[in-house]
Amino acid sequence: MSIKDNIEKIKRELPEGVLLLGVTKTRTAEEINEAIDGGITDIGENKVQELVDKYDHVKPVKWHFIGHLQRNKVKYIIGKVDLIHSVDSLRLAEEIDKKAKEHGIIQDILIQINPAREESKFGVYLDDTEELLWGIIEKSGNLRIRGLMSVAPFTEDPEDTGKYFGAVKELYDRLGKIDHPMVDFKYLSMGMSHDYKVAIANGSNLVRIGTAIFGERKYKDQ
Ligand SMILES: *Cc1c(COP(=O)(O)O)cnc(C)c1O
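Thresholds, definitions, all that
Along every chain, residues carry numbers that run from 1 in the direction the sequence is written. Local features are withheld for residues below a pLDDT of 70 in this predicted model, meaning they are given only at 70 or higher, and side-chain atom pairs are given and counted only at 80 or more; totals for whole chains, interfaces and linings count all residues. Calculated side-chain values reflect all of the structure's heavy atoms, with hydrogen atoms and water omitted. Note on aromatic contacts: the rings of Phe and Tyr and the six-membered ring of Trp form a pair at centre separations within 6.5 Å, being stacked when their planes are under 30 degrees apart, edge-to-face when over 60 apart, and tilted otherwise. Helix and strand labels come from DSSP, where a helix needs a run of H or I of at least four residues and a strand needs a run of E of at least two; each type is numbered from the N terminus. Categorising residues by exposure relies on relative accessible area from a 1.4 Å probe, with only protein chains included: less than 20% of the type maximum marks a residue as buried, more than 50% marks it as exposed, and the intermediate range marks it as partly exposed. Each ring is checked for a lysine NZ or an arginine CZ that lies within 6 Å of its centre and within 35 degrees of its normal; such an atom marks a charge sitting over the ring. What counts as a salt bridge is simple: a side-chain nitrogen of Lys or Arg found within 4 Å of a carboxyl oxygen of Asp or Glu. Pairing between two strands is assigned when DSSP locates at least 2 bridges connecting them. Between N-to-C directions, angles span 0 to 180 degrees; the directions come from axes that are lines fitted to C-alpha atoms, helices contributing only their stretch in contact. Handedness of each helix crossing follows the sense of rotation of the near helix against the far helix: counterclockwise by less than a right angle gives left-handed, clockwise gives right-handed. Note on definitions: a residue-residue contact is assigned when non-hydrogen atoms from the two residues lie within 4.5 Å. Residues are grouped as follows: Ala, Val, Leu, Ile, Met, Phe, Trp, Tyr, Cys and Pro are nonpolar; Asp, Glu, Lys and Arg are charged; all remaining types, including Gly, are polar. Each residue is tested against the molecule or strand, and it is near if at least one of its non-hydrogen atoms lies within 4 Å. Counting of polar contacts relies on pairs of N or O atoms within 3.5 Å, with two restrictions inside protein: one atom must be capable of donating a hydrogen and the other of accepting it, and residues adjacent in sequence are counted only when both atoms are side-chain atoms. Take the buried Ala, Val, Leu, Ile, Met, Phe, Trp, Tyr and Cys residues and link them wherever side-chain atoms come within 4.5 Å; each set so joined is a nonpolar core.

### Structural notes on the packing of aromatic side chains
All chains considered together, the criterion is met by two aromatic pairs. Summarising the aromatic geometry, the rings of Tyr172 and Phe185 are spaced 5.2 Å apart at their centres and angled 25° between planes, so their arrangement reads as stacked. You can see Tyr172 sitting in helix α7 (residues 158-175) and its partner Phe185 sitting in strand β7 (residues 183-190), a full 13 residues away along the chain. The class of Phe185 is buried, set by a relative accessible area of 15%. The lysine or arginine in question, Lys80, covers the ring of Tyr55, its NZ or CZ lying 5.2 Å from the ring centre. For the cation-ring pair, Lys163 lies above Tyr164, with the distance from its terminal atom to the ring centre recorded as 5.1 Å.

Next up, the structure:
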């Protein structure tokens, strides 16, 4: 199946109101442009260098940053990305805020949650999220918190995964009620190729899909 066929198949399965983010790490600009021609409006990269390298070679599209972000690299992506999914510390939020201010923009961000407290994963714990959110509100002026993002642990049992997604959704509903100009929840970013159906069943409205669109990734150094 072609990239376009894959996109159409996934889109047919998505309920209305769920945004399909094409995850384009390791893919060439040519493949990405094929996806854009196939109906992808939003793409996500997880490495700053890769995003910067491809940026000028890809057709007009909304860029998302979905990977771990080091503070010293924020400057390279500000002004390029519509939404940063991976804010998980106050220091990172402050750096993004500073660079957004220099660019004269308001940067949309999501707070990344690590719902299973996995040591191998980035993200803030469920119980610490509200404190981080208020910290961001207090310390910044050029950010808009648009929701939450999460990566669930890999399990064979979809019910297990659903439990974690469900907990993030509960938190999303609760924090989304905060009445503050910097809080404007719109996105609950959960679900990848292997678990997006479980994520949607648990309230996700933004799925991040790479493999199911482009096929298996080949990493150059493997
Ligand atoms: C790579 C990646 C995805 C997409 O994974 P697939 O299994 O290829 O769909 C989603 N989210 C993040 C944060 C990623 O790094």
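### Digging into the pattern of salt bridges
Scanning the entire structure with this criterion turns up 15 salt bridges. Residue Arg144 is joined to Asp184 by a salt bridge in which the shortest nitrogen-to-oxygen separation is 3.7 Å. Of this pair, Arg144 sits in strand β6 (residues 143-150) while Asp184 is found in strand β7, placing the two residues 40 residues apart along the sequence. On the basis of relative accessible area, Arg144 is assigned to the partly exposed category, the value being 29%. Under the relative-accessibility criterion, Asp184 is labelled partly exposed at 33%. Among the salt bridges present, the one from Asp184 reaches Arg146, with a minimum N-O distance of 3.5 Å. Of this pair, Asp184 sits in strand β7 while Arg146 is found in strand β6, placing the two residues 38 residues apart along the sequence.

### Thoughts on the pairing of strand β4 (residues 83-87)
Here β4 lies mainly inside the structure; five of its five residues are buried. Strand direction decides the pairing type here: strand β3 (residues 62-65) and β4, joined by two bridges, are parallel. Note that in β4 the partner of His64 across the bridge is Leu83. Pairing geometry for β4 and strand β5 (residues 107-113), over three bridges, is parallel. Within β5, the position partnered with Leu83 by the bridge is Asp108.

### Structural notes on the packing of helix α6 (residues 129-139) against α7
Between two packed helices, both the angle of their axes relative to each other and the distance between the axes serve to describe the pair. Running from N to C, α6 and α7 cross one another at 40°; their axes reach a closest spacing of 11 Å. With respect to the hand of their crossing, α6 and α7 are arranged in right-handed fashion. Residue-level inspection shows Thr129, Glu130 and Leu133 of α6 in contact with α7, the latter providing Leu171, Arg174 and Leu175. Among the residues forming the contact of α6 with α7, the class breakdown is three nonpolar, one polar and two charged.

### Observations concerning the site of the ligand
The immediate surroundings of the ligand are formed by Val23, Lys25, Asn46, Ile66, Met149, Met192, Ser193, Arg208, Ile209, Gly210, Thr211 and Arg217. One of the backbone nitrogen or oxygen atoms of Gly210 is found 2.9 Å away from an oxygen atom of the ligand. Between an oxygen atom of the ligand and a side-chain N or O atom of Arg217, the distance comes to 2.7 Å. Classifying every residue of the shell around the ligand by side-chain character gives five nonpolar, four polar and three charged.

### Focus on the nonpolar core
Membership of the largest hydrophobic core comes to 59 residues, with the highest contact counts inside it found for Ile96 and Ile136. When residues in this core are grouped by element, the largest group, five residues, is from α7. Among all residues touching Ile96, those that are not within four sequence positions of it are Leu69, Val74, Ile78, Ile84, Val87, Gln107, Ile109 and Leu143. Counting nine residues, the second-largest nonpolar core is a separate cluster that includes Leu83, Leu110, Met149 and Tyr187.

Without other data, these values stay purely geometric and don't point to any function.
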